Each structure stands twice: as C-alpha cells, then as structure tokens.
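Listed below, chain by chain, are the residues.
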Amino acid sequence: MAFKPANSIQDLQYFGEFGGVNPSISDSSTYTFLSAKTMFDTFEGNADGCYLYSRHSTPSNLYLGEALAAMEGTETANVSASGMGAITPVVLQLCGAGDHIISSRTIYGGTYAFLKNFAPKFNIETSFVDITKLDIVEASITENTKIIYCESVSNPLLEVADIKGLAKIAKRHNLKLVVDNTFSPLSISPATLGADIVIHSLTKFINGSSDTVGGVVCGTQDFIDELRNVNDGASMLFGSTMDSLRAASVLKNLRTLHIRMQQHSKNALYLARKFEADGLKTVYPGLKSHPCHELFKSMMNEAYGFGGMLTIDVGTLEKANELMELMQNKNLGYLAVSLGFYKTLFSAPGSSTSSEIPEDEQKKMGLSDGLIRFSIGLDADIERTYKVMRECMVELSIL
Ligand SMILES: *Cc1c(COP(=O)(O)O)cnc(C)c1O
C-alpha cells in the first residue's frame, strides 16, 4: 500500500511485437481495415481495439495513457502534445457559451492567460478565487458554473488545494472538479480524493529530462471518449496529439518517476529546512510553517514526500537576478523556467512564468518581486549544494 501508486505503474506488463520488454513503437499515421464495415464502426466509435488515424489514438499513446491512468487511479487517460494541449480541450469540452468557471487565482501562467484572455471570446467567464477558502469557492458558484479548477500544489506560490473539500462542493452542485497535478505526481493522487479529472504537464517531473513537452488528461472512459470523439471531441478536433515516438520515450522515463520524486523531495526538504533556519522567507509544503502543511500531510502518499518545488523571497528582483546568475556561475543549476529536471532550475516567476498575471493581481495574491522559484534537482550531495548556495547568499549580503 505504501508504495502505491508507483507499483501500479510497475505492475503493468508489456510484450513488444517480437517479445521485446518494451512495447513496439507505432510508426504509422493511418491504419488498414480488413473490412469496410469495421472502418465505419470505428468512425462511429463502436470498434474497440481498432486504430483509425493517429490524431485519434495510437498504440504507443494508449500504452502511455494506461500507465498514467494506473498512476492516478482513473479508468483511462488521453495523452496530448503539451500540458496546455490537455488543459484547453478539457475546458472547452466541459463549457460552452454562457458557462462559468471557478478557478484558483494562483495557477500556471498559461492556464491563467487562457481562462482570463481567451475563453471570454467564447463567452466563458472565470472567477479567480482564493481556492484555500472553501466558503468563498462555494459562494462564487452561479447557475452557469460548470467547473472548479485548481492545481494540487499551485504555481508558483505552492498553495495546497483541499481536494476532498472541493470535491464535496463540486458534488453538491453537480460540477466537475478539474485538478492539475503537475507539481505533485505520486505524492498526491487527486482522483482518489474525489477529483473528476486530473491533468498533468508531462513536460515537468513525469518525463523529467527536459527534452520534450507533453500532457495528459486522466478521467473516466466516458469523458476520455468524449474528448476523442471524431464529431465533437475537443482533443480530436484541436489536434494537439502527442507523437508516438515521444509517447514511447515518456513511458520509459515514467518508470523511474518514484525514485526521482523521492530524491527531489528529500533534497528540497533538506534545503527548505536550512534556508528557513538561516532566516530566509521560505515556502515549502514540507515545512511546519507552511499554512497547508497538515492539509498536504492528510492527502499525501507519504513515500514520495512533499515534492521538489520551493520558493524563497530575497526582497527585490535585482537581488533575485544577482543570486540566480551567481548560482548558475557556480554550476548549482540553471536559470531557466520549467521544473522536474535532474539539475536544479530557478527563475523569478513574477517576471517570467507568471508574467501573464498583471502586476496588481500578482501583489494581491502574494507574488512578490524578490520571489525565486526553485525546482530542486537530484543532487547526490545536497549538503555540498547547500554550502555553495549559502556562500552565494553571503557574498550578495542576502545572509
Ligand atoms: C508547465 C505547466 C503547464 C503547461 O504545460 P506545457 O507542457 O508547458 O504545455 C500547466 N500546468 C502547470 C502547473 C505547469 O507547470
């Protein structure tokens, strides 16, 4: 039990076309049918196990989808060419003109930009709320609300969503709870806590090698079938399909995710404790000082820890930039956006990944100029990393 959901991935068995231990990679955009009738049935969505055309599905994409569904404990899943290629079809499949969404106000910049700037073109409006306040969430529901949208651990403020509480509200009002679990794969399993749909950007921890973008929607067979429907399925019609070669490569990386997450979490907890003890303003869900520490604990699969993301606040953007440049010069990591790499990545979200969010709204949600977001790497010797980081901070009079 303790090692679920990683052993749900481990227990899947594959036999390649020639008995290989990895499934064969499908290298076709289109598929033959032995009878014309089967082709018709497949278009109608009635021919299980038949492939039609690779924008719809491919064997390699289905293998990856099955593994991710096993990880999240959902019936099935649909992979896509990017995380945004998973998020946008879900929103537009569930909402039409006149509908309303309640979203956490601290979400990935691209998702924010889509809901704030793009969805209104279709007359889909979003209320951005403090998702940690369940009474505010419930009070924001209108007769047109269709979705409650949040991230398990939010980008970049690392706020934690009470998924069980939100699921109860969603049930009561017949809404879908959609959770982006990109920051906490394995650590949190939103579907087992009541989320209807779980989304990941595979680009981050799950693939873990910063060599591709990718995404997935995990949900019920009915919902995934809807997304893939040739007549009105948003995933099928928008066409952000993952390539089969990539799907095969992400599947291979997924198998070591549990080992990587344990190391990311171990290293991040070590640094967070040290930074906090040094008097830095440090946010990490594994710290007792984090307002959602107990909530995270109540939801987590303990073996995988509190994840690899932490933030510190060094006061000003100038200081943040100086520190990040110095840390890069000392080879402690890269000044880069994204997360989940073997090297530590750091960026100042206010001027990068969250720059889509207007400055006054950044201030309101507590996103300050001097904030540095770290995706802590797989460093074998984190004590040495800390020592050198500390030297950088002393050199710049941050400590
Ligand atoms: C990166 C990210 C996305 C978008 O994923 P892409 O693969 O870049 O399209 C969505 N949500 C979160 C939390 C992310 O970090």
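Residues numbered from 1 in each chain as written. Predicted model: local features only at pLDDT ≥ 70, side-chain atom pairs only at ≥ 80, totals over all residues. Heavy atoms only, no water.

This part is about helix H10 (residues 244–254). Taken as a whole, H10 has its buried residues at Ser244, Ala247, Ala248, Val250, Leu251 and Leu254. Across the axial projection of H10, the buried residues extend over an arc of 165 degrees, all falling on one side. Where H10 is buried, its residues touch helix H1 (6–10), helix H3 (59–72) and helix H11 (257–277). One side-chain oxygen of the residue at the start of H10 lies 3.0 Å from the amide nitrogen of leucine 245, identifying that residue as aspartate 243. (Buried < 20%, exposed > 50% of the residue type's maximum accessible area, 1.4 Å probe, protein only. Helix = DSSP H or I, 4+ residues; strand = E, 2+ residues; numbered from the N terminus. Arc of directions from axis to C-beta. Contact = heavy atoms within 4.5 Å. Polar contact = N/O pair within 3.5 Å; in protein donor to acceptor, adjacent residues only side chain to side chain.)

The next subject is a negative patch on the surface. There is a patch of like negative charges on the surface, built from Glu75, Asp222, Asp225, Glu226 and Asp232. Turning to its location among the elements, glutamate 226 is positioned in helix H8 (residues 221–228). A relative accessible area of 39% places glutamate 226 in the partly exposed class. (Patch = residues over 30% accessible without salt bridge, like charges linked within 9 Å, V, L, I, M, F, W, Y side chains within 5 Å. Areas by Shrake-Rupley, 256 points an atom, 1.4 Å probe, with all protein chains shown as cover. Salt bridge = Lys/Arg side-chain N within 4 Å of Asp/Glu carboxyl O. Lys, Arg positive; Asp, Glu negative; His and termini not counted. Charge placed at Lys NZ, Arg CZ, Asp CG, Glu CD.)

What follows is about the domain arrangement of the protein. With domains assigned, the protein is organised as domain 1 (5–254) and domain 2 (257–395). The gap between the C-alpha centroids of domain 1 and domain 2 is 27 Å. Tallying the contact residues gives 39 residues for domain 1 and 41 residues for domain 2. Contact with domain 2 buries surface across domain 1, with Leu158, Ser187 and Phe205 losing the most and accounting together for 21% of the total. If you look at where domain 1 meets domain 2, you find 1 salt bridge. With a shortest N-O distance of 3.5 Å, lysine 116 and glutamate 361 are connected by a salt bridge. (Domains from an automatic or database assignment. Buried area = accessible area lost by both parts, 1.4 Å probe.)

One simple way to see leftover space: roll a probe sized like a water molecule over the atoms. One number sums up the size of the second largest pocket: a volume of about 360 Å³. Together, 20 residues line the second largest pocket, and Leu157, Lys281, Val283, Thr311 and Gly366 are the ones closest to its centre. Listing elements by their share of the lining of the second largest pocket, those giving two or more residues are strand S8 (281–283) and strand S9 (309–313). When grouped by side-chain class, the residues that make up the lining of the second largest pocket number 9 nonpolar, 7 polar and 4 charged. (1 Å grid on protein atoms, 1.4 Å probe; cavity = no way out; pocket = protein on both sides within 12 Å on 5 of 7 lines; lining within 4 Å. Points joined across faces, edges and corners; volume = space filled by probe spheres on them. Nonpolar A, V, L, I, M, F, W, Y, C, P; charged D, E, K, R; others polar.)

On to the packing of aromatic side chains. Under the counting rule described, the total for this entry stands at 12 aromatic pairs. With 6.2 Å between their ring centres and 45 degrees between their planes, phenylalanine 275 and phenylalanine 374 make a pair best called tilted. Note that phenylalanine 275 is positioned in helix H11 and phenylalanine 374 in strand S12 (residues 371–375), a separation of 99 residues in sequence. Under the relative-accessibility criterion, phenylalanine 275 is labelled buried at 0%. Measuring from ring centre to ring centre gives 4.8 Å for phenylalanine 341 and tyrosine 342, while their planes differ by 70 degrees; the resulting arrangement is edge-to-face. Assessed through its relative accessible area of 16%, phenylalanine 341 is described here as buried. Linked through ring pairs, Tyr270, Phe275, Phe346, Phe374 and Tyr386 together constitute an aromatic cluster. Above the ring of phenylalanine 118, the side-chain terminus of lysine 121 is found at 4.3 Å from the ring centroid. (Phe/Tyr/Trp six-rings, centres within 6.5 Å; stacked < 30°, edge-to-face > 60°. Lys NZ or Arg CZ within 6 Å of the ring centre and 35° of its normal.)

Around the ligand sit 13 residues, and of these Gly83, Met84, Asp180, Thr203 and Lys204 come closest. A distance of 2.8 Å separates an oxygen atom of the ligand from a polar atom in the backbone of glycine 83. Considering the ligand on its own, with 380 Å² of exposed area, one finds that the protein chains cover 93% of that surface. Looking at the shell around the ligand residue by residue, the class counts come to 4 nonpolar, 6 polar and 3 charged. (Near = heavy atom within 4 Å.)

Within strand S7 (residues 215–219), 5 of the 5 residues are buried, which leaves it mostly tucked inside the rest of the structure. Residues Gly215, Val217 and Gly219 point to one face of S7 and Val216 and Cys218 to the other, with burial holding for every one of them. As paired elements, strand S1 (residues 76–80) and S7 share 5 bridges and run antiparallel to each other. Counterpart to serine 80 in the pairing with S7 is glycine 215. (Pairing = 2+ DSSP bridges.)

Another point: the sheet that holds S8. Strand order across the open sheet formed by 5 strands is S8-S9-S12-S11-S10, with mixed pairing between neighbours. Taken across any chain shown, the strands that pair with only one partner, and hence form the sheet edges, are S8 and strand S10 (334–335). Here S10 runs beside strand S11 (residues 345–347); their pairing, made up of 2 bridges, is parallel. Directly across from leucine 335, in S11, lies its bridge partner phenylalanine 346. With respect to the sheet, H11 is in contact with S8 and S9, its orientation differing from that of S9 by roughly 20 degrees. (Axes fitted to C-alpha atoms, helices over the stretch in contact; angles between N-to-C directions.)

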